[in-house]
Amino acid sequence: MAESVVRNYFPSQVVSDLEKSSYDYGLSIAQAIEAEWFDNSNGRNRFTNNIKSFHELRLYARGEQDIRKYKNELSINGDLSYLNLDWKPVPIISKFVDIVVNGISDRTYDIKAYSQDPFGVSKRTEYMEGILKDMRLKEFDAAAKESLNVDLASTPPEELPDSKDELELHMQLNYKQQVEIAEEQALNVLLDGSKYDLIKRRFFYDLTVLGIGAVKTTFNTSEGAVVEYVDPANLVYSYTDSPYFEDIYYVGEVKPIPINELVKEFPHLKHEDLEDIVKSGGGRSYENQASNSMDNNKVQVLYFNYKTYMNEVYKVKKTGTGGEKAISKDDSFNPPEDMDGNFTKLHRSIEVVYEGALILGTDRLIKWERSDNMMREKSDFTKVRMNYSIVAPRVYKGRIESLVGRITGFADMIQLTHLKLQQVLSRMVPDGVYLDADGLAEIDLGNGTNYNPQEALNMFFQTGSVIGRSFTSDGDMNPGKIPIQEISSGNGGGKLQSLIQTYNYYLQMIRDVTGLNEARDASTPDAKSLVGIQKMAAANSNTATRHILQSGLFLTAEVCEMLSLRISDIIEYSPTKEAFIHQIGRHNVATLEEMQNLHLYDFGIFIELTPDDEERQLVENNIQQALSQQLIDLEDAIDLREVRNLKLANQMLKIRRKKRADLKQKAEQENMAAQADANAKASEAAAAAEVKKQQDLTASQIQLEEAKTGFKTQLLNTEAEVKRGLMDHEFEINMRLRKMDAAGANNKDEYKEDRKDQRVKMQASQQSAMIDQKNNGGKPKDFESSGNDVLNGGVNSGGFGPR
């Protein structure tokens, strides 16, 4: 598709708003679009060329391409009478298309709504500042709760982040405003109501086959916001070099509408108008050019959006009280400078979208009006969005390239090779045998039977043996000595092998051009290749088609942004507002209150793509490595596996590892401190035990000495008592003896005479005393207790004797 060269058909946009809203201006716009896309005068009917090229690509993608080119290639002057071939195309491209489309369509995603209006941003900032405050006052809050039993923190201590990085991760993963949750649920409800999953598969197919995809969002009071699939072959749009078509100023599509549906959609059409439309053909000539079909009950209607600008003009008048009053005016209001009055002019230019509908091939513009529910972002009210979202990732100078378009030439060569294979196979004959009948005639079996050709063939085919004669019956050399010989059919096998190699060559060319290698479809995996290498090859193949995935995600994000703006219309204008709110809030009653004011917010829509198997495996490898090194716990691994965003998952892994390392280091320091305290306490206990031991030993020694001293004292006292008694007894005896001596001396003379026998006795006593004296060394016997009157302490009791 080349650049348009008929832009001069469009009227100027530098006209008044009143003129832009007129029927004639709208008709001129519609006719300019028709001239640019449907004019055959210059041989460049863009619409018909688009339909034909897209139709051909779709046939290739289905394996149903036109076989006339192959017949022309193999026929001789158009004669195919000698070719009995199966002309059905080989659906080789269908396999690659299904691999891409099904693989991409199975990728799931989450729709994330981010409140970016001032009120939502202030709530997010307030929440974040509250957490920062609790982080700074964590110790103070803990002390207040312990001493005063007052909880000053707004966030539980166990949920507080330890660093600003962790806080940022917490805000991205865990923080969600109720209005954002309500917005996400509203988007999901609208997408489910429009069966967006089926629409998504269709535009992914278009992106793969045609290289362009498109969707449309509409709003009406009966159905609300609706997403519709748009066939790119029916699209018309202004020239652009952008893959995202953001700079186009008109876009539309051609739809075949039955007459009855046309009447219901445009009830203002009169019977005479419908008769004129039917008589004029209603665009059926374009339908015939595009699809070689014609239906008299349908008309071709061009629905289009046209983007232009309008001037908002206000007359600002000063009142008598000093205030100002703004009065809306049209853009023709332009007061003269010398005019007296307390008023001024205030104006601005904003984008607007006009909606139109034209019956192709006629001058019947059945709709031209400024759109009632234009989609404007609250952050920039001067900008407006059209109903269509289009993306073509490989567009250049208006020409669109697709994955299927790259490989149609190779598919043609594969088909030709397949037909040549059929030719070779049809002309190949089986190997035969040569039977020499003359050689058989010379053979005599010797048993009376004849060796005929049938018996020779039976023996040869059953046993592989054959009987022959080297010499004839005449003795000459027999040229038919080997009567049966095999006949080869020639080089048909070599041709067949060459064609198979050619077939595989072009199949490999398709893989090389598209990037869909064997690892992507697992058709011929190498048994010697490691699993990791196979996954790397599959990942490289995914990279080759990533532009299709990104284009589809762009369309989804565009649709969600448009639906987000449409939700405001539903909340404000639709009579089904209450039903819509309750349909969204049935899963979460808490969102109902937020839904009432949803139109006051401005949201940013983001698509969070679920990681594929290769990406999940990379994260899983990091998790397993961290687990093996005990850098994270099992609970951390579970949390990490639940994070779909790979960037956030890796960031969370780094934070958890750092946190775990800090906790481990802190635990080690606490263990070291506890060990040091334990050692110090053990040393103190050992020293105290030693002191106590010495004290106990000293006390024991003192007690022992005291016991010894007491025992000695008691012994001395006892000995003194005993000796005192002995001394008293001795003293008493001595006193008796002295008394007896005195009494004896006094009565000596008296007894001397009277008793003689007494003297004899006394002499005997003296003799005995003398004997004892002799035994004592000649000393007279001392009756004192010498040696027994001395105490152990050195006290002599001799001084206590009688004097």
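Rules behind the numbers
Residues numbered from 1 in each chain as written. Predicted model: local features only at pLDDT ≥ 70, side-chain atom pairs only at ≥ 80, totals over all residues. Heavy atoms only, no water. pLDDT = per-residue confidence, 0-100. Contact = heavy atoms within 4.5 Å. 1 Å grid on protein atoms, 1.4 Å probe; cavity = no way out; pocket = protein on both sides within 12 Å on 5 of 7 lines; lining within 4 Å. Points joined across faces, edges and corners; volume = space filled by probe spheres on them. Helix = DSSP H or I, 4+ residues; strand = E, 2+ residues; numbered from the N terminus. Nonpolar A, V, L, I, M, F, W, Y, C, P; charged D, E, K, R; others polar. Buried < 20%, exposed > 50% of the residue type's maximum accessible area, 1.4 Å probe, protein only. Pairing = 2+ DSSP bridges. Axes fitted to C-alpha atoms, helices over the stretch in contact; angles between N-to-C directions. Parallel < 35°, antiparallel > 145°, perpendicular 65-115°, else oblique. Core = buried A, V, L, I, M, F, W, Y, C linked by side-chain atoms within 4.5 Å.

Remarks on the confidence of the model for the chain
For residues with low pLDDT, the predicted coordinates do not support detailed interpretation.
Piece 1. Of all residues in the chain, 81% attain a pLDDT of 70 or more, and the chain-wide mean is 79.
Piece 2. Note on residues 1–6: pLDDT is under 50 here. Beyond four places in sequence and across chains, it has 22 contacts.
Piece 3. Across residues 524–540, confidence stays below pLDDT 50; counting only partners more than four residues off in sequence or on other chains, it has twelve contacts.

Thoughts on the layout of surface pockets
Piece 1. Taken as a whole, the largest pocket encloses approximately 1100 Å³ of empty space.
Piece 2. What lines the largest pocket is a set of 39 residues, and nearest its centre among them are Leu-169, His-170, Gln-172, Leu-173 and Asn-174.
Piece 3. When residues of the lining of the largest pocket are traced back to their parent elements, those giving at least two are strand E1 (109–115), helix H6 (118–136), helix H8 (164–173), strand E17 (603–609) and helix H25 (646–746).
Piece 4. Sort the elements by how many residues they give to the lining of the largest pocket and H8 lands first, with seven residues.
Piece 5. Residues that form the lining of the largest pocket fall into these classes: 17 nonpolar, five polar and 17 charged.
Piece 6. For the second largest pocket, the calculated volume is near 780 Å³.
Piece 7. As for the second largest pocket, its lining consists of 26 residues, of which Thr-218, Phe-219, Glu-265, Glu-355 and Lys-367 are closest to the centre.

Section: the pairing of strand E3 (residues 224–229)
Piece 1. Most of E3 is tucked away: five of the six residues are buried.
Piece 2. When strand E2 (residues 213–220) meets E3, the two strands line up antiparallel, connected through six bridges. Bridge pairing links Asn-220 to Gly-224 in E3.
Piece 3. Between E2 and E3, which pair antiparallel one after the other, the connecting turn spans three residues.

Topic: the packing of helix H3 (residues 46–62) against helix H5 (residues 92–105)
Piece 1. Across the interface, H3 lies against H5 with an axial gap of 6 Å and an inter-helix angle of 95°. Between H3 and H5, the angle is such that the two are roughly perpendicular. Across the interface between the two elements, Tyr-60, Ala-61 and Arg-62 of H3 pack against Ile-93, Ser-94 and Val-97 of H5.
Piece 2. Residue composition of the contact of H3 with H5, by class: four nonpolar, one polar and one charged.

Side note on the sheet that holds strand E12 (residues 388–391)
Piece 1. Spatial strand order, E3-E2-E12: three strands in an open sheet with antiparallel pairing. Where the open sheet ends on each side, the last strands, each with one partner, are E3 and E12. When strand polarity is set aside, the average angle formed by the axes of neighbouring strands in this sheet is 15°.
Piece 2. Lying over the sheet, helix H10 (residues 196–209) contacts E2, E3 and E12, oriented at roughly 35° with respect to E3.

Regarding the environment of Ser-498
Piece 1. Among the structural elements, Ser-498 can be located in helix H17 (residues 492–514).
Piece 2. Relative accessible area serves as the criterion here: at 39%, Ser-498 is assigned to the partly exposed category.
Piece 3. Each C-alpha atom, one on Ser-498 and one on Leu-421, is 9.6 Å from the other, the two residues being 77 residues apart in sequence.

With respect to the nonpolar core
Piece 1. Among the nonpolar cores identified, the biggest contains 116 residues, and Ile-33, Ile-92, Tyr-237, Leu-262, Val-301, Phe-304 and Ile-390 are the most heavily contacted of them.
Piece 2. Per-element tally for this core: the top contributor is helix H20 (residues 546–573), with ten residues.
Piece 3. By size, the runner-up hydrophobic cluster in this structure holds 14 residues, among which are Leu-631, Ile-632, Val-643 and Met-652.

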